[in-house]
Amino acid sequence: QETVSSAATDEARRAEIDALRARLESLEKRQARDHEELEEVRAVMAPIAPQLVPPGPATAPVDTARAVAVPVPGAKVTDVQVEWGAGAPIFRSGDGVFSFKPRGRILLDVSGSGGSGYEARNITTTGSRALRLGIEGGVGPHLFYQFESDFAENGVDVVTAFLGWRHKVLGLDYDIRIGNLFNDRGLEGSTGSDSTPFVERTVVGTAIIPQRGFYGIGAQGRLFGPNWHASLTLTGDDVDSAYAVNDSRTVIARAHWNPVKTDTTVVHVGAWGFDEKLSSAAGTVTRNTVIGGRFNGSLRVSTGPLTGATGDTGYGAELGGYWRALWAMAELGRREVRLAGQRDFLSDAWSVSVGGFVTGETPPYNPRFGNFTQPKVSRSILDGGPGAIELTARYERLAFTQESRLGEGWAATVGVNWYLNSFTRLMLNGIHWHTDNRGGDFAGGDDGETVTLRAQVSY
Amino acid sequence: QETVSSAATDEARRAEIDALRARLESLEKRQARDHEELEEVRAVMAPIAPQLVPPGPATAPVDTARAVAVPVPGAKVTDVQVEWGAGAPIFRSGDGVFSFKPRGRILLDVSGSGGSGYEARNITTTGSRALRLGIEGGVGPHLFYQFESDFAENGVDVVTAFLGWRHKVLGLDYDIRIGNLFNDRGLEGSTGSDSTPFVERTVVGTAIIPQRGFYGIGAQGRLFGPNWHASLTLTGDDVDSAYAVNDSRTVIARAHWNPVKTDTTVVHVGAWGFDEKLSSAAGTVTRNTVIGGRFNGSLRVSTGPLTGATGDTGYGAELGGYWRALWAMAELGRREVRLAGQRDFLSDAWSVSVGGFVTGETPPYNPRFGNFTQPKVSRSILDGGPGAIELTARYERLAFTQESRLGEGWAATVGVNWYLNSFTRLMLNGIHWHTDNRGGDFAGGDDGETVTLRAQVSY
Amino acid sequence: QETVSSAATDEARRAEIDALRARLESLEKRQARDHEELEEVRAVMAPIAPQLVPPGPATAPVDTARAVAVPVPGAKVTDVQVEWGAGAPIFRSGDGVFSFKPRGRILLDVSGSGGSGYEARNITTTGSRALRLGIEGGVGPHLFYQFESDFAENGVDVVTAFLGWRHKVLGLDYDIRIGNLFNDRGLEGSTGSDSTPFVERTVVGTAIIPQRGFYGIGAQGRLFGPNWHASLTLTGDDVDSAYAVNDSRTVIARAHWNPVKTDTTVVHVGAWGFDEKLSSAAGTVTRNTVIGGRFNGSLRVSTGPLTGATGDTGYGAELGGYWRALWAMAELGRREVRLAGQRDFLSDAWSVSVGGFVTGETPPYNPRFGNFTQPKVSRSILDGGPGAIELTARYERLAFTQESRLGEGWAATVGVNWYLNSFTRLMLNGIHWHTDNRGGDFAGGDDGETVTLRAQVSY
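Residues numbered from 1 in each chain as written. Chains lettered and ligands numbered in written order. Predicted model: local features only at pLDDT ≥ 70, side-chain atom pairs only at ≥ 80, totals over all residues. Heavy atoms only, no water.

1. Notes on the pairing of strand 8 (residues 215-224) of chain C
Residues and elements named next belong to chain C. Worth spelling out the cut-off: Relative accessibility thresholds used throughout: buried, under 20% of the residue-type maximum; exposed, over 50%; partly exposed, between the two (1.4 Å probe, protein chains only). Strands here mean DSSP runs of E at least two residues long; helices mean DSSP runs of H or I at least four residues long; both are numbered from the N terminus. Pairing between two strands requires that DSSP report at least two bridges joining them.
Among the 10 residues that make up strand 8, 7 are buried, leaving the element largely enclosed by the rest of the structure. Here 10 bridges tie strand 7 (residues 172-182) to strand 8, and the two strands are oriented antiparallel to one another. Bridge pairing in strand 8 places Tyr174 opposite Leu223. Linking strand 8 to strand 9 (residues 228-235), which pair antiparallel, is a turn of 3 residues.

In structure tokens form, the structure reads like this:
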């Protein structure tokens, strides 16, 4: 068969080639769009601080959340983008509007004590510090929600449960949340149980606390500057089943400031306070505060019975920071409980903590909220690295006083935290503790040591 | 270098172009298939009623579920299609066979009362109406399952937990479910706690109820016509830990009919009834029914102690509908409890409710089940719109009688519901209530007002 | 217009075609990579045994987990691969590093008894055998974690909660897990509640058990050979809130061996033992062991009160296997409880079970762990098939002895298991039981029948 190279066939061939090119270009564009979307998403996923894992739907700043939410032209509405690396996947719709993430944490301990003059204190026990399941989600850049329940000790304890809104005012980020809210109160008091540098929070965090505990149902507003934040919270009681009398009413405020904030150095200054009007059902304010180990039930600084409380006020201050891989933090606080017809009951607590990553990581201090969170591990054991290894030390002191001293104690802790990756951790804490309770089963001066080993996963 | 435009090279070039075209066509087809699959999925995802959000795996009609399950030629078996818009994503396998969705809801209230002659009733409390976690899933068009547990008040209450099967018989959809099942009993009694138009169900829903409550373990069959449905349920007790004596046995039946059903107008008629043979452990039928607010424990219509019950029968009727953005619903019911050697204990309740969306949405009445569900918000605040705003009003009346009147009450409620989007809602209800209990701590006529604010997310 | 077929234009056209071809080739490669990734993932997803559903993130062998984790060049880091077929989807990152799966199970029963000489035993009840929610996840081939809580009977019971590591030593797979761990103890004792061939485990599994129950917080190491495994576990108490005294300390060991292991035939031999040092709070070892049905609270083999226990030792043996669709298993065990100043309390139990799939499936015996799991259903009802139908029979006997016989019983069970697909099951068990308790409310010889129907979903 013969081929004729006429102008007509040549013209047809050129048209064919043009048509093919057009179709190919169109297809390449469609294919490329997914990659672009991905790049955009990853770009705006830049963390709050370089050493932190990216924030979830409920903790992202406005700009991040908004940027993720910019619809990409032509994106499939049923598409999904999945972000890994946080223990549980974060699901996002292809257009960035919706996000959803399972949440939870597993913290299990074994704890042994010795050296006490009281044999009942020299025991070894296992315990569940936190066993949580929950979710967090977001719709668009402004609306988010979260729910988490703790099943530690085979019980139910609803922790966070809220609906939130974030936006900008006067060029500053803010958010407002209504629901069951975690106190913003001191650096370690505002740090999640999966992010504290020691197995237990400082006594400032455990003793200078509202009577209703770490959570309350109400509303919280937070305002974020470039190197500070401030918050105000108004709540009733925690999630409970008591509806016979008025709830207690608690107001909490806190602010933190980073006068120095560079890539290698941060200085942290913070102050906070709360005031409670106690419900008629909340008049008993007896304290038995953990000093050496939560899972040794006899190891407490105790007040003996205290009843008839009508209200209380607490306040505290924080000073610390980090330089390269080293950090230090001092906290102190006082709580004054008003008791009908009696002198005020006072709790005084302070602590100094230091730590450092021998593997060189920057400490997981969060400059947005002024608290600790999970570190970004440079060489995870999953990549054949050593994980991150942090050495820590703390001294803390607590005293309860009314007419006279009711009880006091101090603890000195050294610890090693081994982060296998950013969301799993093994912790070993050795604690020398001293208690001097004026009553109860363990009265008088007593010293001993407690060693606690924790296995932890956050997702 | 020289180019020869011979017939041979021309032939080769034409072959090249043909080959390129073939490959491009193949690639275009593969690329296009995803879009087609998406279109198909979206087409069959048409909701039960245009104003409703699409149903999840466990609530979809047979045709929807079946259509989703039609395998698309060439679909990847490990692929996933994600459907957003319902608070939590719905995951579907690429071939449509499997689906899975996290489930839950967050409903938190603050409630204040005043104006009562009893000071103990004039209190302000916070409360958790529902705090749920769970899942729902489906396999193929016929098999589905669901599990959800409620952690409100820091307790555990297993709500839905079932395995279900749906198919067609005589051209009608049916489903059969076995497990822990929600009563099909009255319009608001059959409405989820996240979809009731007021913070609390009508007294018909809360008082004309089986002794075992809203749930029971057993089997339920439902038949769906084009404008009606009917159900029959047989259960023992709710999820519990009581295995010493026979369970109670409850039979429930309900049917609803929409004699008028157009795009703008629906008329709803319904009737229902139940009969219980009470376990020897369930003889105490004392009632303390919420009248002004669940989270004011003193605000109840009460019977005083009632024991010795052997069985009970309840029945009710519903009449209502909607026209454009306005809806109205009347319900009434009676419950007769048989007591050994005593006269029957009677509960009589009725209510009339009206509502309307000032933002123009069609009321979220579900013509498949004859109940309320979540609305489709026209202009979500996430799109810069106002959300959906609904105004509501209700009058309801409840009376308990045995030898004589034991207690009675009524409440008049006005409310505003603000749906930020289809699955988040802020509710404000103002209630004037009246109780007249013949005994107990709050005997005699008493009037007052309760204001309740609720924040809600369903996922 | 005229077309000139000059060498120059011809050269240009050839260049255009070459360019188009190059772009097309590049695009085809990108498109093809997803398919290849999928093939690779599916290839390495080969199950532990051909009749089993593929293992989840926490139960996969090292090689499977490692193979999944091999990064595919050019994979998108935010990509997701979803594996369906296990009730809940398994999400994997595109590079195979991360995996995550929701977990849970729904097991609901109705149970009726008759024929007893005691009327209180002739009752019908409903019950919740298991109602679980949880997650499992993995990072890389070595690290995995799991958490699951059970809400049966409207309570909380934390079941598995651990962090694990798996690797190879001397050419053998091993894993180490720390957290709240399920006993490795007998074939049915090591089988999940959703995989037992009968509604209740054999009395060897329910009576020859550590005092602390099925779970304890501690560490477990397991070593896996080609046709055997061995495990060693050291734990304190289960998840609880008792921190006043030392935990009990439990050591458990088990090994199984498959001397014959072909496609159609497996022989199973196993042995196990445990030793407990009991806490001063765990001295009460009274037993009321289920014989005919868990949800008939009066149907128990009982010891009467037994206190003052200081420790106990248990041991047992297993012999069985399968041939084509038929299986048989014999188990026996003894437990010796040491009581201060009294003779040992002995529990003796044995059972023989047989079963077979009339639909031809291979029994779901798991040769990796030496226990039962979910079967792979050949013709699921979702594909229009009959599902899998298994007929079962068991005889079991239990005796409690101290100075004299305290109580004894036996049960003969016949059953039908209908697996609709691999993760849903309806079970019907008919049990003739005999108890002879020497004390308590149901003393003396008594016989009767119990019929139990179960609906089950695992995800």
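On we go from here.
2. Quick notes on the interface of chain A and chain B
Just so we agree on the cut-off: Only heavy atoms enter the contact rule, under which two residues are in contact if any of them lie within 4.5 Å. Simply put, the buried area is the total loss of 1.4 Å probe accessible area from both parts when two parts are fitted together. Any Lys or Arg side-chain nitrogen located within 4 Å of an Asp or Glu carboxyl oxygen qualifies as a salt bridge. Definition of a polar contact: a pair of N or O atoms within 3.5 Å, with one able to donate and the other able to accept a hydrogen when the atoms are protein atoms, and with sequence-neighbouring residues admitted only if both atoms are side-chain atoms.
With 53 residues of chain A at the interface, the matching set in chain B holds 62 residues. Carbon and sulfur atoms supply 69% of the area that chain A and chain B bury against each other, a total of about 4900 Å² over both sides. The interface formed by chain A and chain B contains 0 salt bridges. At the surface where chain A touches chain B, the tally comes to 9 residue pairs in polar contact (both at pLDDT 80 or more). For the side of chain A that touches chain B, the elements supplying multiple residues, two or more each, are helix 1 (7-44), strand 2 (90-93), strand 3 (98-114), strand 4 (124-139), strand 5 (143-150), strand 6 (157-169) and strand 7 (172-182) of chain A. Looking at the side of chain A that touches chain B element by element, the count peaks at 9 residues for helix 1 of chain A.

3. As for the packing of aromatic side chains
The condition is simple: Think of it this way: a Phe, Tyr or Trp ring, Trp meaning its six-membered ring, pairs with another when their centres are within 6.5 Å, and the plane angle makes it stacked under 30 degrees, edge-to-face over 60, tilted otherwise.
All chains considered together, the criterion is met by 57 aromatic pairs over all chains. Each ring, one from A:Phe100 and one from B:Tyr459, has its centre 6.3 Å from the other, and the planes form 50 degrees; the classification is tilted. Residue A:Phe100 is located in strand 3, and its partner B:Tyr459 is located in the segment after strand 22 (444-458); the two belong to separate chains. Owing to a relative accessible area of 4%, B:Tyr459 belongs among the buried residues under this scheme.

4. Some points on the environment of C:Ala411
All names here are of chain C. Positionally, Ala411 belongs in strand 20 (residues 405-421). Linking Ala411 and Ser248, residues 163 residues apart in sequence, is a C-alpha distance of 32 Å. Setting aside chain neighbours within four positions, we find Ala411 in contact with Ile291, Arg394, Tyr395, Glu396, Ile431, His432 and Trp433.

5. Some points on the relation of the copies chain C and chain B
Under the convention used in this document: The fit set for superposing copies consists of C-alpha atoms from residues with pLDDT of at least 70 in both; the fit itself is least squares.
For the pair chain C and chain B, the relating rotation is 120 degrees, the translation along its axis is 0.1 Å, and the fit reaches an RMSD of 0.2 Å. Seen this way, the second copy is the image of the first under a three-fold rotation axis. The share of interface residues of chain C whose copies in chain B are also at the interface is only 18%, consistent with the copies meeting through different surfaces.

6. A word on the confidence of the model for chain A
Residue and element names in this part refer to chain A. For clarity, the cut-off: Confidence of the predictor at the level of single residues is given by pLDDT, which spans 0 to 100.
Looking at chain A as a whole, the pLDDT averages 88, with 87% of positions reaching at least 70. Predicted confidence for residues 34-48 stays below pLDDT 50, and this span has 30 contacts to residues more than four positions away or in other chains. The low-confidence segment residues 68-78 (pLDDT under 50) makes 28 contacts with residues lying over four places distant or belonging to another chain. ipTM for the predicted complex: 0.85, alongside a pTM of 0.86.

7. Quick notes on the side chain of C:Arg201
Residue and element names in this part refer to chain C. Looking at the secondary structure, you find Arg201 in the loop between strand 7 and helix 3 (203-207). A distance of 2.9 Å separates a polar atom in the side chain of Arg201 from the backbone oxygen of Glu188. A polar contact is formed between the side chain of Arg201 and the backbone oxygen of Thr191, at a distance of 2.6 Å. The residues touching Arg201, leaving out its near neighbours within four places in the chain, are Arg129, Phe182, Glu188, Gly189, Thr191, Gly192, Ser193, Thr196, Thr206, Phe214, Arg394 and Glu396.

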